[in-house]
Amino acid sequence: MALIDAAANSIGIPLWRLFGGVSNSISTDITDLKLKVGKNLNGDIEVLQSIRAAHPDCLFILDANEGYTTNEAIKVLEKLHEMDVTPVLFEQPVHRDNWEGLGHVSKIAKDKYGVSVAADESCRSLVDAKKIVQESLADVINIKLAKVGVLGAVEIIDLVRSSGLNLMG
C-alpha cells in the first residue's frame, strides 16, 4: 500500500482519487445476509423468522460454525423450508470432525431442499479436502490461508477444481 501511495504522490494524485474517488453512499444490488447461527436452535429459528418477516426477498447464507448436531442442522433446514426460505449456502453445520454428520446434512440439504453445504472448519489440510471430495461430504470447500498456507491452498484449489465442487475463500 505504501508503494501505491508513493506512486500516486509522484504523479500528483491523491490515493483516494486513484482508487475512484470518495462517496458518502454505497450502491449495491446484493441482498444476501450471512447469518451466524448454531448457538441456540430455537433462538436461531426465531431470528430467521423475524428477518424473513421484515425482508421477504432477502437471501440467506447460514454459517453454523460447527454449532449444530446433525439432527439440529436438519431441523433448521426443515423450519426454513416451512417458511419458504431456501438458504443460498449452509456453512459448516456440524462439528469439524463429524464427517458422517457433514455428509448426511449435505445429502439431505441438497436432495430435499436444494441447499449447498460448505465445509469450512472441516477442511484443515489437503487430506481433509480429499476426504470431503472422495466421500461427497460437501458441495463447497472454504479455504482459509491461515489454516492451510499458500501452498496447501494451491493444492486444495487444484483438487477442488478437478472434482467439480465449488470454492469459497
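In this report, we go over the structure that sits alongside the text. Please read these numbers as outputs of a predicted model, since none were measured by experiment.

Parameters and conventions
- Residues numbered from 1 in each chain as written.
- Predicted model: local features only at pLDDT ≥ 70, side-chain atom pairs only at ≥ 80, totals over all residues.
- Heavy atoms only, no water.
- Helix = DSSP H or I, 4+ residues; strand = E, 2+ residues; numbered from the N terminus.
- Buried < 20%, exposed > 50% of the residue type's maximum accessible area, 1.4 Å probe, protein only.
- Lys, Arg positive; Asp, Glu negative; His and termini not counted.
- Salt bridge = Lys/Arg side-chain N within 4 Å of Asp/Glu carboxyl O.
- Contact = heavy atoms within 4.5 Å.
- Pairing = 2+ DSSP bridges.
- Right-handed = clockwise from strand over helix to strand, strands pointing away.
- Expected span 1.5 Å × (residues − 1).

### Remarks on the side chain of Asp44
Phase 1 of the analysis: Along the chain, the position of Asp44 falls in helix α3 (residues 41-54).
Phase 2 of the analysis: For the buried residue Asp44, which engages in no salt bridge, the nearest side chain bearing the opposite charge is Lys39, 9.3 Å off.
Phase 3 of the analysis: Residue contacts for Asp44: discarding those within four places in its chain leaves Val37, Gly38, Lys39 and Tyr68.

### Quick notes on the pairing of strand β2 (residues 59-63)
Phase 1 of the analysis: Of all five residues in β2, four are buried, a share of seventy percent or more.
Phase 2 of the analysis: As judged from the five bridges shared by strand β1 (residues 32-36) and β2, these two strands associate in the parallel manner. Across the sheet, Lys36 pairs through a bridge with Asp63, a residue of β2.
Phase 3 of the analysis: As a crossover connection, the stretch from β1 through α3 into β2 is right-handed.
Phase 4 of the analysis: Where β2 meets strand β3 (residues 89-91), three bridges bridge the pair, whose relative direction is parallel. Looking across to β3, one finds that Asp63 is bridged to Glu91.
Phase 5 of the analysis: Running through helix α4 (residues 70-82), the crossover from β2 to the neighbouring parallel element β3 is right-handed.

### Describing the pairing of strand β4 (residues 116-119)
Regular strands have side chains that alternate between both faces of the sheet.
Phase 1 of the analysis: Here β4 shows two buried faces, one formed by Ser116 and Ala118 and the other by Val117 and Ala119.
Phase 2 of the analysis: Examined bridge by bridge, β3 and β4 share three bridges and lie parallel to one another. Bridging across to β4, Leu89 finds its partner in Ser116.
Phase 3 of the analysis: In terms of handedness, the path from β3 via helix α5 (residues 99-113) over to β4 forms a crossover that is right-handed.
Phase 4 of the analysis: By the bridge criterion, two bridges tie β4 to strand β5 (residues 140-142) in an arrangement that is parallel. If you follow Ala119 over to β5, its bridge partner there is Ile141.
Phase 5 of the analysis: With respect to chirality, the unit in which β4 leads through helix α6 (residues 126-134) into the neighbouring parallel β5 is right-handed.

### Brief notes about α5
The α-helix winds at 3.6 residues per turn, so residues separated by three or four positions along the chain end up facing the same way.
Phase 1 of the analysis: Over its 15 residues, α5 extends 20 Å from the first C-alpha to the last, a length consistent with the 21 Å expected when each residue adds 1.5 Å.
Phase 2 of the analysis: Within α5, the full set of buried residues consists of Trp99, Gly101, Leu102, Gly103, Val105, Ser106, Ala109 and Tyr113.
Phase 3 of the analysis: Just downstream of α5, Gly114 is the residue with a positive phi angle, here 70°.

### A few points about unusual backbone geometry
Phase 1 of the analysis: Of note, the phi angle at Glu66 is positive, near 70°, even though the residue is not glycine.
Phase 2 of the analysis: Along the polypeptide, Glu66 turns up in the loop between β2 and α4.
Phase 3 of the analysis: Of note in the backbone geometry, Gln92 takes a positive phi value of approximately 35° without being a glycine.
Phase 4 of the analysis: Here Gln92 lies in the loop between β3 and α5.
Phase 5 of the analysis: On the accessibility criterion, Gln92 (0% relative accessible area) is buried.

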